[in-house]
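Spelled out, the chains give:
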Amino acid sequence: MEKETILIVEDEKEIADLIEIYLLNDGYKVLKASNGKDALSILEDESIQLVILDIMMPGIDGLEVCRRIRRDNNIPILMLSAKTQDMDKILGLSTGADDYLTKPFNPLELMARVKSQLRRYLYLNPRDSHKEEDVINIRGMTINEKKHKVTVYDREINLTPTEYEIVLLLASNPGQVFSTEEIFEKVWKERYLDANNTVMVHIRRIREKIEENPRKPMIIETVWGVGYKIDK
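Note that this is a predicted model, so its numbers are computed, not measured.

Calculation notes
- Residues numbered from 1 in each chain as written.
- Predicted model: local features only at pLDDT ≥ 70, side-chain atom pairs only at ≥ 80, totals over all residues.
- Heavy atoms only, no water.
- Domains from an automatic or database assignment.
- Contact = heavy atoms within 4.5 Å.
- Buried area = accessible area lost by both parts, 1.4 Å probe.
- Salt bridge = Lys/Arg side-chain N within 4 Å of Asp/Glu carboxyl O.
- Polar contact = N/O pair within 3.5 Å; in protein donor to acceptor, adjacent residues only side chain to side chain.
- Helix = DSSP H or I, 4+ residues; strand = E, 2+ residues; numbered from the N terminus.
- Nonpolar A, V, L, I, M, F, W, Y, C, P; charged D, E, K, R; others polar.
- Core = buried A, V, L, I, M, F, W, Y, C linked by side-chain atoms within 4.5 Å.
- Buried < 20%, exposed > 50% of the residue type's maximum accessible area, 1.4 Å probe, protein only.
- UniProt positions renumbered as here; feature names shortened; annotations may be inferred.
- Axes fitted to C-alpha atoms, helices over the stretch in contact; angles between N-to-C directions.
- Parallel < 35°, antiparallel > 145°, perpendicular 65-115°, else oblique.
- Pairing = 2+ DSSP bridges.
- Right-handed = clockwise from strand over helix to strand, strands pointing away.

### Points about the domain arrangement of the chain
The domains assigned to the chain are domain 1 (5–124) and domain 2 (135–230). Computed from C-alpha atoms alone, the centre-to-centre distance between domain 1 and domain 2 is 24 Å. Each partner contributes to the interface: domain 1 provides 19 residues, whereas domain 2 provides 18 residues. Buried surface at the junction of domain 1 and domain 2, summed over both partners, amounts to about 1700 Å²; 49% is from carbon and sulfur atoms. Joining domain 1 to domain 2, the criterion identifies one salt bridge. The partner of Glu165 in a salt bridge is Arg120, with the nearest N and O atoms 3.7 Å apart. At the junction of domain 1 and domain 2, the tally comes to six residue pairs in polar contact (both at pLDDT 80 or more). Broken down by secondary-structure element, the contributors of at least two residues to the side of domain 1 that touches domain 2 are helix 4 (86–94) and helix 5 (107–124). No other element matches helix 5, which puts seven residues into the side of domain 1 that touches domain 2. In terms of residue class, the side of domain 1 that touches domain 2 is built from six nonpolar, five polar and eight charged.

### Some words on the nonpolar core
In this structure, Met141, Ile143, Ile183 and Ile220 are the most contacted members of the largest nonpolar core, which totals 28 residues. Top element by residues in this core is helix 6 (residues 161–171). It accounts for seven residues. Residues within four places of Ile183 in sequence aside, it is in contact with Ile166, Leu169, Leu170, Phe178, Trp188, Val199 and Tyr228. If you look at the next biggest cluster of nonpolar residues, it comprises 25 residues, including Leu40, Ile42, Ile69 and Met79.

### A closer look at the UniProt feature "modified residue: 4-aspartylphosphate" (unreviewed entry) in the chain
Listed under "modified residue: 4-aspartylphosphate" (unreviewed entry) in the UniProt record, and renumbered for this structure, are Asp54. Apart from the residues within four sequence positions on either side, Asp54 is in contact with Val9, Glu10, Asp11, Gly62, Leu80, Ser81 and Lys103.

### Some thoughts on the pattern of salt bridges
By the definition in use, this model includes 18 salt bridges. Note that Glu10 is salt-bridged to Lys103, the shortest N-O span being 3.0 Å. Here the residue Glu10 occupies a position in the loop between strand 1 (5–9) and helix 1 (13–25), and Lys103 occupies one in the loop between strand 5 (99–102) and helix 5, the gap between them amounting to 93 residues. Residues Glu64 and Arg68 are paired through a salt bridge, measuring 3.0 Å at the closest nitrogen-oxygen approach. Taken together, the residues Glu64 and Arg68, both in helix 3 (residues 62–70) and four residues apart, mark about one turn of the helix. Using a relative accessible area of 33% as the deciding quantity, one classes Arg68 as partly exposed. By sharing partners, the salt bridges in this structure join Glu10, Glu12, Asp54 and Lys103 into a single network.

### Things to note about the packing of helix 6 against helix 8 (residues 198–210)
The N-to-C vectors of helix 6 and helix 8 enclose an angle of 85 degrees; their axes lie 10 Å apart at closest approach. Taken together, helix 6 and helix 8 sit at an angle that is classed as roughly perpendicular. Of helix 8, the residues touching helix 6 (which contributes Thr162, Glu163, Ile166 and Val167) are His202, Ile203, Arg205, Ile206 and Lys209. For the contact of helix 6 with helix 8, the per-class residue count stands at four nonpolar, two polar and three charged.

### Quick word on the pairing of strand 1
Most of strand 1 sits out of view: five of its five residues are buried. Here five bridges tie strand 1 to strand 2 (residues 29–33), and the two strands are oriented parallel to one another. The residue bridging Leu7 from the neighbouring strand is Leu31, located in strand 2. A crossover connection joins strand 1 to the parallel strand 2 through helix 1; in handedness this β-α-β unit is right-handed. Sheet topology note: the strand 1/strand 3 (residues 50–54) ladder contains four bridges and is parallel. Within strand 3, the position partnered with Leu7 by the bridge is Val51.

Spelled out as C-alpha cells, the structure:
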C-alpha cells in the first residue's frame, strides 16, 4: 500500500531536514515548505495526510496556516513551537491543531505522535472499507460510523479526527462520565500528564461546533469535578 504523504512546514532548514530524514526512513513521502504561503499552495495541489507545522514563521505564521487548513480540511496537524507556556499550547490547539510538541523535541517522540495521528486519521477515513453501516442517534446528534459523518439536527459538523473520536467515545457510552484522564488515554492512547489541558481545549472546540449555545451545552455535559458525558 502507498505510504502517506507528510508536509513539513518549518523555516529552520536543519530542523526540517532532520524531520525529513526520520520520516523517509519510515517510508513516508515527504514534502517541505519554509513558509506559510508555500505550504498553503502545496496543500491545494497535493494530497496530504498529515502536516507538521511550526508556529513561528515569517509572513503567514503557523497559527494562520492552521486556521486556513481547518476551513475545509480535517487532516491531522502536529504543531511545533519553541514556546513552552500553557497559553501558547492552548492557542495552538484552539486554532485546530491535533497535537503540540515543544522544541527541542526527541525525534522518536515526534515519530510516535505522527504514527498515532495517522492511525486515527486513516481509521476515520479508510481508503477501502466494507464495514456495515452503524449509526448512533443521541441528543439530536447523528453519528454515521461508516461514513465518519456527524450531523446535529441535519446540519453536518466538520470535526477533526481527534474531535470525532472524543464525540464517538462519549456518544457510544451514554450516561457514562469520562474523566479528562480517561478521555486522553482512550483517544490519544498515551499516558495522561498532570495539568494537561489538551482535552479541555478540544471539548471547548467541539462545543463551539455542535452546541447551539456553547456556554450552555446541551449535548456534551460537564459533571463538575468528575468529567464529561452525553446523556440519552
